[in-house]
Amino acid sequence: MGLFKKNPQEPPAGRPSIADHMALAKQMQAQAMQQMAALQQASQASQTSGAAVGSMTWVRQVLAILAPPQPGFVKRCTCVVCGAPKKLPTVTAYVYCDYCASLIDYDLRRACEGDTTPGPEYAATVNSTHAASQAALAAGNPDAYRDLQRRVYEVYAANVPMAVSHRAKNDPAYRSAYVAYMAEAAVARAFDPASQALEAEMKQRVMSLRYSGNMMSPTVAPESFWPMVETLEKQIEVGKTLYRSAGLAELDPDHAEHLTGKFAWSGFCQGWLGMLPADAATQLLDRTGLKNEYVPVQAEDGQPRHCGGCGGELSALPGAKAVICDGCGRTIDLGGAEIGCAACGATMTLPAGADRVACPFCQAQVERAGMR
Ligand SMILES: [Zn+2]
Ligand SMILES: [Zn+2]
Ligand SMILES: [Zn+2]
C-alpha cells in the first residue's frame with residue numbers, strides 16, 4: 001500500500017489492485033495538472049492542443065465503454081465451477097453464479113458506476129502504518145508487516161465498500177477471510193524480489209509518462225503509456241505465480257484465481273482509460289480482454305424467493321443450489337424451502353449456515369423447519 005505519502009515522488013508499494021490504480025491515476029492526474037499549470041504560467045499562454053480528449057467524439061467513445069450496462073442486460077459469462085451461463089441481472093461489479101454462488105466475473109462497466117475513491121479514514125490508516133510497514137520490510141519481519149496490512153485492509157473493507165465484494169457487507173466470515181487474504185497477498189508481494197523489481201519498473205514507467213492537452217483534461221501520450229501496460233502484464237504473471245506459491249489460493253474467500261488478472265486490468269483501466277485518446281483506449285480494452293459483451297437477462301423460469309437476511313427479492317432458477325443476495329451479500333441456501341414468519345406472515349429463505357434469523361420485516365425469530 002503506501003499510497004498516501006507526503007512525498008508524491010515515492011512509488012506506491014502495493015500490487016496492482018483496483019484501489020491502488022485508481023489512486024495512482026488520480027495522483028498522476030493531479031501531478032499532470034500541476035505540470036500543465038506551471039507550463040501555462042511560464043508561457044503566459046493558454047495551451048489548447050489538438051488532442052481529442054474532452055471532445056464530444058471522445059466523450060461518446062470512452063463513456064460508452066465505461067457506461068453502466070443497459071437495464072435488462074447482463075454480462076455474458078459462464079461459471080468456471082458449475083458451467084452455468086450467467087442469466088440474472090447483477091447490481092454490483094462482482095458477478096456471482098445464479099446456480100452455485102461462485103464468483104464468476106468482474107464487470108468493469110458496473111464498477112465504473114460506483115465511487116471507489118478511498119475515504120479519509122483509509123488514507124489515515126495507510127499513512128499511520130506506513131513507517132512501521134517500511135521498518136518491518138527492512139527488518140525482514142513478515143509477521144509484523146502482515147499485522148499492519150490487516151489493519152489497513154480492515155479499514156479498506158469498511159470504508160471503500162464499492163471496491164470490495166458485497167459479500168463483505170453482512171458476512172463477517174467472508175470479511176475476515178478477505179482481510180486475511182489481502183494481507184497475505186501484500187506480504188507475498190512485499191517480500192518477493194521479482195515483485196519488488198517490477199514495482200520499481202512500474203514507478204519508472206509512470207514517471208516517464210508524457211502528457212498533453214489542457215490542464216483540466218490531460219491526455220497521456222499512448223507511446224509513453226504502452227510500456228506501463230507491458231510492466232503490468234509482467235506483474236500479473238508474477239502475481240499468478242505468487243497466488244499459488246504463497247498459499248493465496250487457499251485463503252481467497254472467492255477462490256477466484258481465474259480473475260486475478262482481470263481485477264488488476266479493471267482497476268488499471270478505471271484509472272487510466274479516461275486519460276487516453278479514444279483509439280488507444282479501445283486498443284487497451286482489446287489487449288486486456290475487457291470489451292464486455294452483454295446479453296438479455298433470462299429470468300423467465302425463476303421462482304420468486306426472499307432473502308432471509310434483508311428481505312430482498314431473489315430468483316431461484318431451476319436446479320440452483322445457492323445464490324449471493326445482491327442486496328445484502330449473504331449466501332442464500334436455495335436447497336431449503338421458503339419459511340413463513342409466524343408474526344407477520346412474510347416468507348423467506350435462510351442464509352447458508354443459519355438455522356434462525358430475525359425476520360427482516362418484523363424482527364420476530366424465524367427458524368429453519370424442524371429446528372425445534
Ligand atoms: Zn456456478
Ligand atoms: Zn439479502
Ligand atoms: Zn416477520
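These figures come from a predicted structure and were not determined experimentally. Per chain, residues are indexed from 1 in the order of the written sequence. A letter from A marks each chain and a number from 1 marks each ligand, given out in the order of writing. Local features in this predicted model are restricted to residues of pLDDT 70 or higher, and side-chain atom pairs are both shown and tallied only at a pLDDT of 80 or more, whereas totals for entire chains, interfaces and linings draw on every residue. Side-chain numbers here rest on the full set of heavy atoms in the structure, without hydrogens or water.

**Some remarks on the coordination of the zinc ion (ligand 2)**
So, point 1. Because no water is among the atoms considered, metal sites can look incomplete, with donors defined as N, O and S atoms within 2.8 Å of the metal, or 3.2 Å for Na, K and Ca. The coordination sphere of the zinc ion (ligand 2) contains the protein donors Cys307 (SG), Cys310 (SG), Cys325 (SG) and Cys328 (SG), at a distance range of 2.3 Å.
So, point 2. Coordination geometry of the zinc ion (ligand 2): the four donor atoms subtend angles of 102 to 117° at the metal centre, consistent with an arrangement described as tetrahedral.
So, point 3. Mapping the donors of the zinc ion (ligand 2) onto the primary sequence gives the spacing C-x2-C-x14-C-x2-C.
So, point 4. With a relative accessible area of 0%, Cys307 lands in the buried category. Site shape is set this way: if four donors have all angles between 85 and 135 degrees, tetrahedral; if opposite donors are over 155 degrees apart and all others between 65 and 115, square planar for four donors and octahedral for six; otherwise irregular. Relative accessible area decides the class of each residue, using a 1.4 Å probe on protein chains only: under 20% of the type maximum gives buried, over 50% gives exposed, and in between gives partly exposed.

**Quick notes on the environment of Cys310**
So, point 1. Note on conventions: DSSP H or I runs of at least 4 residues are helices, E runs of at least 2 residues are strands, and numbering of each starts at the N terminus. Turning to its location among the elements, Cys310 is positioned in the loop between β7 (303–306) and β8 (313–316).
So, point 2. The class of Cys310 is partly exposed, set by a relative accessible area of 34%.
So, point 3. Placed 50 residues apart in sequence, Cys310 and Pro360 show a C-alpha to C-alpha distance of 5.4 Å.
So, point 4. Setting aside its immediate chain neighbours within four residues, Cys310 contacts Cys325, Gly327, Cys328, Arg330 and Pro360. It only takes one pair of heavy atoms within 4.5 Å for two residues to be counted as in contact.

**Quick look at the nonpolar core**
So, point 1. Buried Ala, Val, Leu, Ile, Met, Phe, Trp, Tyr and Cys residues form a nonpolar core when they are joined through side-chain atoms within 4.5 Å. Counting residues in each nonpolar core, the largest one holds 35 residues, and the members touching the most others are Tyr96, Leu103, Tyr122, Tyr145, Tyr153, Tyr156 and Tyr178.
So, point 2. Looking at this core, the elements with two or more residues in it are β2 (94–96), β3 (103–106), α4 (120–138), α5 (142–159), α7 (172–190) and β9 (322–324).
So, point 3. Sequence-distant contacts of Tyr96, that is, excluding residues within four places in its chain, are made with Lys86, Ala101, Ser102, Leu103, Ile104, Ser165, His166, Arg167, Tyr174, Asp254 and Ile324.
So, point 4. Core analysis: the next-biggest nonpolar cluster, separate from the first, contains 25 residues, Trp272, Leu273, Leu276 and Ala280 among them.

**What to know about the coordination of the zinc ion (ligand 3)**
So, point 1. Distances from the zinc ion (ligand 3) to its protein donors, Cys341 (SG), Cys344 (SG), Cys359 (SG) and Cys362 (SG), fall within 2.3 to 2.4 Å.
So, point 2. Geometry at the zinc ion (ligand 3) is tetrahedral, judged from its four donor atoms and the angles of 99 to 114° they form at the metal.
So, point 3. Within one chain, the residues serving as donors to the zinc ion (ligand 3) are arranged as C-x2-C-x14-C-x2-C.

**Looking at the pattern of salt bridges**
Any two side chains of opposite charge can pair if their charged atoms end up close together.
So, point 1. Between Lys or Arg on one side and Asp or Glu on the other, a salt bridge is scored when a side-chain nitrogen of the former is within 4 Å of a carboxyl oxygen of the latter. Under the definition given, this model contains 18 salt bridges.
So, point 2. Between Arg356 and Glu367 there is a salt bridge, and its shortest N-O distance comes to 3.2 Å. Note that Arg356 is positioned in strand β13 (residues 356–358) and Glu367 in strand β14 (residues 365–367), a separation of eleven residues in sequence.
So, point 3. For Arg356, a relative accessible area of 41% translates into the label partly exposed.
So, point 4. Shared partners join several salt bridges into a network, and the residues in it are Lys75, Asp105 and Lys262.

**Notes on the packing of aromatic side chains**
So, point 1. For Phe, Tyr and Trp, where Trp contributes only its six-membered ring, two rings pair if their centres lie within 6.5 Å, and the inter-plane angle classes them as stacked under 30 degrees, edge-to-face over 60, or tilted in between. A full pass over the atoms with the stated rule returns twelve aromatic pairs.
So, point 2. Ring geometry for Tyr94 against Tyr106: centres 5.2 Å apart, planes inclined by 75°, an arrangement best described as edge-to-face. Linking Tyr94 in strand β2 with Tyr106 in strand β3, this pair joins segments that are twelve residues apart in sequence.
So, point 3. By relative accessible area, which is 7% here, Tyr94 ends up buried.
So, point 4. Measuring from ring centre to ring centre gives 5.3 Å for Tyr122 and Tyr156, while their planes differ by 50°; the resulting arrangement is tilted. Taken together, the residues Tyr122 in helix α4 and Tyr156 in helix α5 connect sequence positions 34 residues apart. The exposure classification of Tyr122 matches that of Tyr156, with both residues buried.

**Focus on α7**
The periodicity of an α-helix, 3.6 residues per turn, causes residues three or four places apart in sequence to face the same way.
So, point 1. Counted at 1.5 Å a residue, the expected span for α7 with its 19 residues is 27 Å, and the 27 Å between its end C-alpha atoms agrees.
So, point 2. Most of α7 sits out of view: 14 of its 19 residues are buried. To estimate the expected span of a helix, subtract one from its residue number and multiply by 1.5 Å.

What is shown is where atoms sit, not what they do.
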